[in-house]
Each structure stands twice: as C-alpha cells, then as structure tokens.
Amino acid sequence: MNPIISTIIYFVIGMVFCALGYKLFDWITPIDLSKEIDNHNIAAGLAIAGMFIGIAIVISAAIL
C-alpha cells in the first residue's frame, strides 16, 4: 500500500478513536468538561490532555 494513503488512513482512525475517547470520558465524569474548559478550569484541561495522551499511546501501540 502507498505510504501516504496508509498514513492518512491511520490518522483518520486515530482521530476517530480520540473523539470517541473524549465523548466516553466526558460521559463518565460527573462534570461537564466543555463548560469547565470554557470557565478556564486548568485541572479539567489537564485531565483532558492526559486522557488524549493516554488514548494516543494505546492507539499507536495497536496500529504498530
């Protein structure tokens, strides 16, 4: 397969799983994360950043 096409496919797969992971994380937590980030809550932003990093590590390990 062409390396450019496979890179695009893996990028799309990664973004879809990151979006699904965010929705799942937002559903599990008792607070509205989007509202907390709009209120400049640094702790909520760090929690979401950590969640994205964790999901990205798992996705990259699964793809490789």
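Right above here is the structure, for reference.
Residues numbered from 1 in each chain as written. Predicted model: local features only at pLDDT ≥ 70, side-chain atom pairs only at ≥ 80, totals over all residues. Heavy atoms only, no water.

Engineer: Could you give me a rundown of the overall build of the protein, with the residues and numbers involved?
Structural biologist: Helices and strands together make up the secondary structure of the protein, namely three helices and zero strands. Along the protein, from the amino end to the carboxyl end, the secondary structure elements read α-α-α. For the protein, whose C-alpha radius of gyration is 14 Å, the value lies well above the compact-globule estimate of 11 Å for 64 residues. Overall size of the protein, expressed as C-alpha extent along the three principal axes, is 45 × 20 × 15 Å. For the protein, the residues scored as buried account for 20% of the 64 residues in total. Approximately 4900 Å² of the protein is accessible, and the part contributed by carbon and sulfur atoms is 76%. (Helix = DSSP H or I, 4+ residues; strand = E, 2+ residues; numbered from the N terminus. Rg over C-alpha atoms; globule rule 2.2 N^0.38 Å. Buried < 20%, exposed > 50% of the residue type's maximum accessible area, 1.4 Å probe, protein only. Areas by Shrake-Rupley, 256 points an atom, 1.4 Å probe, with all protein chains shown as cover.)

Engineer: A description of the packing of aromatic side chains should follow, citing residues and the corresponding values.
Structural biologist: Per the stated rule, a full pass over the model turns up one aromatic pair. With 6.1 Å between their ring centres and 10 degrees between their planes, Tyr-22 and Phe-52 make a pair best called stacked. With Tyr-22 in helix H1 (residues 3–28) and Phe-52 in helix H3 (residues 42–63), the pair connects residues that are 30 residues apart, well separated along the chain. For Phe-52, a relative accessible area of 32% puts it in the partly exposed group. (Phe/Tyr/Trp six-rings, centres within 6.5 Å; stacked < 30°, edge-to-face > 60°.)

Engineer: Would you mind going over the nonpolar core in detail, with residue names and values included?
Structural biologist: Listed in full, the eight residues of the largest apolar core are Cys-18, Tyr-22, Leu-33, Ala-44, Ile-48, Met-51, Ile-55 and Ile-59. Breaking this core down by element, the ones donating at least two residues are H1 and H3. No other element matches H3, which puts five residues into this core. Not counting the four nearest positions on each side in its chain, Ile-48 is found in contact with Tyr-22, Leu-33 and Ile-37. (Core = buried A, V, L, I, M, F, W, Y, C linked by side-chain atoms within 4.5 Å. Contact = heavy atoms within 4.5 Å.)

Engineer: Could you give an account of the environment of Ile-37, naming the residues involved and the relevant values?
Structural biologist: In this structure, Ile-37 sits in helix H2 (residues 33–38). Considering only alpha carbons, one finds Ile-37 and Ala-19, 18 residues apart in sequence, at a separation of 16 Å.

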